[in-house]
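Next come the chains, spelled out residue by residue.
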Amino acid sequence: MKIEGLREVRVEDLSELDAYAELKALAKEIHQHDKDYYQNDEPTISDADYDRLRQRNSAIEARFPHLKRKDSPTDKVGAPVQSSFAKGQHSVPMLSLGNAFSEEDVTDFNDRVRRFLGFDSDAVLEIEAEPKIDGLSLSIRYEAGKLKYALTRGDGSVGENVTQNVMTIGNIPHQLPDDAPDIVEVRGEVYMDKNDFATLNQQQEEKGAKVFANPRNAAAGSLRQLDSEITKTRPLKFFAYAWGEVSEQLGETQSDIIKRFSSWGFDTYDIHVANDVKGLLSAYQTIQTNRASLPYDIDGVVYKVNRLDLQARLGMITRSPRWAIAHKFPAEQAQTILEAIDIQVGRTGVLTPVARLKPITVGGVVVSNATLHNDDEIKRKDIRINDHVIIQRAGDVIPQVVSVILEQRSENSTPYEFPKTCPECGSHAIREEGEAATRCTGGLICPAQAVERLKHFVSRNAFDMDGLGAKNIEKFWQNGLIKTPADIFRLKDHQATIATWEGWKEKSIENLKKSIEDKRKIALDRFIYALGIRQVGQATAKLLAKNYLNLDALQTAMKEACNPESSAYEDLINIDGIGQSMAQDIIEFFEESHNQDVLEDLKSQLSIIDFIPPTTSDSPVAGKIVVFTGTLHTMTRSEAKAKAENLGAKVSGSVSKKTDILIAGDSAGSKRKKAEELGVQIMNEEEWQAFIADL
Ligand code: IVH
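Since the model is a prediction, treat every value here as computed from it, not as a measurement.

The rules we used
Residues numbered from 1 in each chain as written. Predicted model: local features only at pLDDT ≥ 70, side-chain atom pairs only at ≥ 80, totals over all residues. Heavy atoms only, no water. Helix = DSSP H or I, 4+ residues; strand = E, 2+ residues; numbered from the N terminus. Buried < 20%, exposed > 50% of the residue type's maximum accessible area, 1.4 Å probe, protein only. Contact = heavy atoms within 4.5 Å. Areas by Shrake-Rupley, 256 points an atom, 1.4 Å probe, with all protein chains shown as cover. Lys, Arg positive; Asp, Glu negative; His and termini not counted. Charge placed at Lys NZ, Arg CZ, Asp CG, Glu CD. Patch = residues over 30% accessible without salt bridge, like charges linked within 9 Å, V, L, I, M, F, W, Y side chains within 5 Å. Salt bridge = Lys/Arg side-chain N within 4 Å of Asp/Glu carboxyl O. Pairing = 2+ DSSP bridges. Axes fitted to C-alpha atoms, helices over the stretch in contact; angles between N-to-C directions. Near = heavy atom within 4 Å. Polar contact = N/O pair within 3.5 Å; in protein donor to acceptor, adjacent residues only side chain to side chain. Parallel < 35°, antiparallel > 145°, perpendicular 65-115°, else oblique. Left-handed = near helix turned anticlockwise from the far one by under 90°. Core = buried A, V, L, I, M, F, W, Y, C linked by side-chain atoms within 4.5 Å. Nonpolar A, V, L, I, M, F, W, Y, C, P; charged D, E, K, R; others polar. pLDDT = per-residue confidence, 0-100. Phe/Tyr/Trp six-rings, centres within 6.5 Å; stacked < 30°, edge-to-face > 60°. Lys NZ or Arg CZ within 6 Å of the ring centre and 35° of its normal.

### What about the overall build of the chain?
Here's step 1: Each helix and strand in the chain was counted, giving 24 helices and 26 strands.
Here's step 2: Summarising its shape, the C-alpha atoms of the chain cover approximately 85 × 65 × 55 Å along the three principal directions.
Here's step 3: The buried share of the chain, reckoned over its 695 residues, is 49%.
Here's step 4: Put simply, of all contacts in the chain between residues at least 6 apart along the chain, 68% involve residues at least 24 apart.
Here's step 5: Summed over all atoms, the accessible surface of the chain reaches about 33100 Å², with 48% contributed by carbon and sulfur.
Here's step 6: Each charge sign in the chain was given a centre, from 86 positive and 106 negative side chains, and these centres are 3 Å apart.

And the structure:
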């Protein structure tokens, strides 16, 4: 049985199909949370959980950049304004911040910034650290010293005009001193102190009115009151930490400007300036230690490059500045009892242990399952059934078991024994050397694997049979009508039987038949993907289709490639994007006699459309084998590859005598040398760009 909604797969183990599906689900989920948070002031999950959703989304996008959606949450800040407030356009967009969750992330941030700026190891880079308060951001525009209007962040470009309400906030000046520029937008956070929040909630309860979940919601709900008389009664406050449009530069550094804001009468944070990661982490420690004694809630520390000229050079990435990052405080943890360990069997036979927990609320969400990843993980943490465990909703959303509370372990507890047989089919479960996963050896006799494979076969990016979903596959499997993929195409022979089943009317049978018949013709890459070969996602399936053009050629080549000395093997691993371990899985798949039967059977039912290379006859690179090496400056490696492939070139990962062009970026090494030896044409990045410029 699969756990619905549990993201138990590590990003690095995700298949492309799952990644696609998950990105889609995440976009929807995050969008809904944005609405709950920004429009309704009523979030249904904790901020930490929300961050994890976004983090997982970004991690999947980083691994599969081509799957990034048009409506990706990564490119969005907040939610569109939808209220009775007038809308206002921000003259300079209101940005959000990227997140760091570990010391390593902070080091990466520092390295990234230094690298971007080309700082050598001696150059000093000042970064300041300040608390990250949990409220809602606001932009207040002053013209000729007078408060003109104030907008909430909204979606980053259009916010709500909340001027009347902002006028009631005690610590926001209505008038700036003479040294303020003619136009200045002061930005910062509206928030409520913890004590004020408690008092407000008490009053609300006495009145029978809405009680707020946390100070942030109380602040948001109070600021977004249509009646400013109500806002006036709410104890809102404001911290200034950023700015929007300014008619003249406010200072040289972030810390100068904060001082200036303070001199104008704004409340500002205490800031710490550091010269290295150690300094930042020590500021983080100090702020974290003081957290509990602060009158307001903070959820992390924000690091900002101090010099404004450097900030300008660094610029921004989609929704957040490259020069700043929020270092979040750790995720919430909770203690519960691990009641059982279940084993799930996936499409490729991997046995994944799942902890069944006594349900517990962590960071506002009830958790009853946690992934245990594999045997090693269980051994390393010595996790046993009936143990008291600390769990946490960690970085990639999947609840994790952090540790076992040994003092509470019962005396007769015994170590967990990972099953030696598959719980679904009883076949041996083995763990190959160097692998973390334990796999069922049952192959297609294992019902779990067979069913999962069939589900994959009909899934959206494979045969895309919308009339034959996962539920139906299970049903047809149980009734013995579908055992192998080709059985799907023989289903029509069982029409009479199906018609006797409950819920199957003439119309639904017709629909089913149509959705199957429509797919008797299938593109080669989809077909390869549908086979569910280990490690072969959509992208690899495309690569194979592109390089072998038809199924017979692929089968013949894979037969030859069994010999690692053969040129067929060399050709396979020379395809850029196919490594040795992937090649091994592909070859093994085609070698297996049962799979050969399945292929022959499918061929008798289908017409598989050969891959037709793009008609790029006027492209000088069409059909050419190109290799990229060294550091590229005008484009990333994946961009370069995508562009070359669009022009009809085949991109290979290594140089051989078949290579037509080597594009050598900076510090190109052995590949360049080999190309020179073989007399392969070599271009630098600029020459290549010029070569393809008009295509
Ligand atoms: S700087 C370009 N500094 O956190 C400037 N933001 O998660 C971007 N926030 O949208 C914001 N304390 O609402 C900044 N010291 C601080 C902050 C802070 C809280 C909020 C702000 C921002 C969100 C990003």
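Past the structure itself, the notes keep going.
### Describing a positive patch on the surface
Here's step 1: Judged by side-chain charge, Lys24, Lys28, Arg460 and Arg526 come together as a positively charged surface patch.
Here's step 2: The topology assignment puts Lys28 in helix α1 (residues 16-39).

### Some points on the sheet that holds strand β25 (residues 661-664)
Here's step 1: Strands sit in the order β24-β23-β25-β26 across an open sheet of 4 strands; the sheet is parallel. Each edge of the sheet is formed by a strand with only one pairing partner; in this case those strands are β24 (650-652) and β26 (681-684). Direction aside, the axes of adjacent strands within the sheet are offset by 30° on average.
Here's step 2: Where helix α22 (residues 637-646) meets the sheet, it contacts β23 (625-629) and β24, and its direction lies at approximately 170° from that of β23.

### Some thoughts on unusual backbone geometry
Here's step 1: The phi angle at Asn386 is positive, at roughly 75°, despite the residue not being glycine.
Here's step 2: Tracing the chain through its elements places Asn386 in the loop between α11 (375-381) and β17 (388-393).

### Digging into the sheet that holds strand β5 (residues 146-152)
Here's step 1: Judged by pairing direction, the sheet is antiparallel, and its 4 strands sit side by side in the order β5-β4-β7-β8 without closing on themselves. Here the strands that pair on one side only, and so sit at the sheet edges, are β5 and β8 (236-246). The mean inter-strand angle of the sheet, taken between neighbouring strand axes irrespective of direction, is 30°.
Here's step 2: In this structure, strand β4 (residues 136-143) lies alongside β5, joined through 6 bridges in antiparallel fashion. Across the sheet, Ile140 pairs through a bridge with Ala150, a residue of β5.
Here's step 3: Contacts from helix α6 (residues 215-223) reach β4, β5, β7 (183-192) and β8, with the element oriented near 125° to β7.

### Concerning the pairing of strand β10 (residues 298-305)
Here's step 1: The buried fraction of β10 amounts to 8 of the 8 residues, a majority that puts the element mostly inside the structure.
Here's step 2: Examined bridge by bridge, strand β3 (residues 127-133) and β10 share 7 bridges and lie antiparallel to one another. Bridge assignment links Glu130 to a residue of β10, and that residue is Val302.

### Considering the site of the ligand
Here's step 1: If you check the shell around the ligand, you find 16 residues, and the closest are Glu130, Arg153, Glu189, Tyr241 and Lys304.
Here's step 2: One nitrogen or oxygen atom from the side chain of Glu189 is found 2.8 Å from an oxygen atom belonging to the ligand.
Here's step 3: Taking Lys304, its side chain carries an N or O atom lying 3.1 Å from a nitrogen atom of the ligand.
Here's step 4: Across the complex, the protein chains shield 89% of the 530 Å² of accessible surface that the ligand would expose by itself.

### Some words on the pattern of salt bridges
Here's step 1: Across all of its chains, the model carries 40 salt bridges by this definition.
Here's step 2: A salt bridge links Glu130 to Lys304; the shortest N-O distance between them is 2.7 Å. With a gap of 174 residues between them, Glu130 in strand β3 and Lys304 in strand β10 connect regions that are remote in the sequence.
Here's step 3: Between Asp571 and Lys658 there is a salt bridge, with its nearest N and O atoms 2.8 Å apart.

### A short note on the pairing of β26
Here's step 1: Note that β25 and β26 share 4 bridges and pair parallel. Along β26, the bridge assignment pairs Ala664 with Asn684.

### Side note on the packing of helix α19 (residues 567-574) against helix α20 (residues 580-591)
Here's step 1: Remark: α19 packs on α20, axes separated minimally by 9 Å, with the N-to-C direction vectors making an angle of 125°. One element, α19, and the other, α20, form an angle in the oblique class. Two packed elements cross with a definite hand, and for α19 against α20 that hand is right-handed. Residues Tyr569, Leu572 and Ile573 of α19 pack against Gln580, Ala583, Gln584 and Ile587 of α20.

### Some points on the nonpolar core
Here's step 1: Counting 60 residues, the largest nonpolar core has Phe476, Ile488 and Phe527 as the members making the most contacts within it.
Here's step 2: Element by element, the count of residues in this core is highest for α20, at 6 residues.
Here's step 3: Once residues lying within four places of it in the same chain are set aside, the contact partners of Ile488 are Leu454, Phe457, Val458, Met465, Leu468, Ile482 and Ile516.
Here's step 4: Counting residues in each nonpolar core, the second largest holds 34 residues, with Leu136, Ile140, Ala220 and Leu308 among its members.

### Side note on the packing of α20 against helix α21 (residues 593-605)
Here's step 1: One way to put it is that α20 packs onto α21 with a least axis distance of 5 Å and a crossing angle of 70°. Considering their axes alone, α20 and α21 lie roughly perpendicular with respect to each other. Residues Phe589, Phe590 and Glu591 of α20 touch α21, and the partners they reach there are Ser593, Asn595, Gln596 and Leu599.
Here's step 2: Across the contact of α20 with α21, the residue classes tally to 3 nonpolar, 3 polar and 1 charged.

### Brief notes about the confidence of the model for the chain
Here's step 1: Averaged over every residue, the pLDDT of the chain is 88; the share at 70 or more is 95%.
Here's step 2: Low pLDDT, under 50, characterises residues 1-6; the stretch is placed with 13 contacts to residues that sit more than four places away or in other chains.

### Comments concerning the packing of aromatic side chains
Here's step 1: If you walk through the whole model with that rule in mind, you get 19 aromatic pairs.
Here's step 2: Ring geometry for Tyr142 versus Phe266: centroids 6.1 Å apart, planes at 80°, classification edge-to-face. Of this pair, Tyr142 sits in strand β4 while Phe266 is found in the loop between α8 (254-263) and β9 (272-274), placing the two residues 124 residues apart along the sequence.
Here's step 3: By relative accessible area, Phe266 is classed as buried at 3%.
Here's step 4: Between Phe261 and Phe266 the ring centres are 6.0 Å apart and the planes differ by 65°, which places this aromatic pair in the edge-to-face class. A single burial state applies to Phe261 and to Phe266, both of which are buried.
Here's step 5: Taken together, the aromatic side chains of Tyr142, Phe238, Phe261, Trp264 and Phe266 make up a single cluster linked through ring pairs.
Here's step 6: A cation over a ring is seen here: Lys483 above Trp477, with NZ or CZ 3.7 Å from the ring centre.

### What to know about the environment of Val113
Here's step 1: Mapped onto the elements, Val113 comes out in helix α3 (residues 103-117).
Here's step 2: Taking the C-alpha atoms as reference points, Val113 and Val305, separated by 192 residues in sequence, lie 8.6 Å from one another.

### Focus on the side chain of Ser96
Here's step 1: By the secondary structure assignment, Ser96 is in the loop between β1 (87-89) and β2 (99-100).
Here's step 2: Assessed through its relative accessible area of 12%, Ser96 is described here as buried.
Here's step 3: Apart from the residues within four sequence positions on either side, Ser96 is in contact with Val77, Arg153, Arg319, Ser320 and Pro321.

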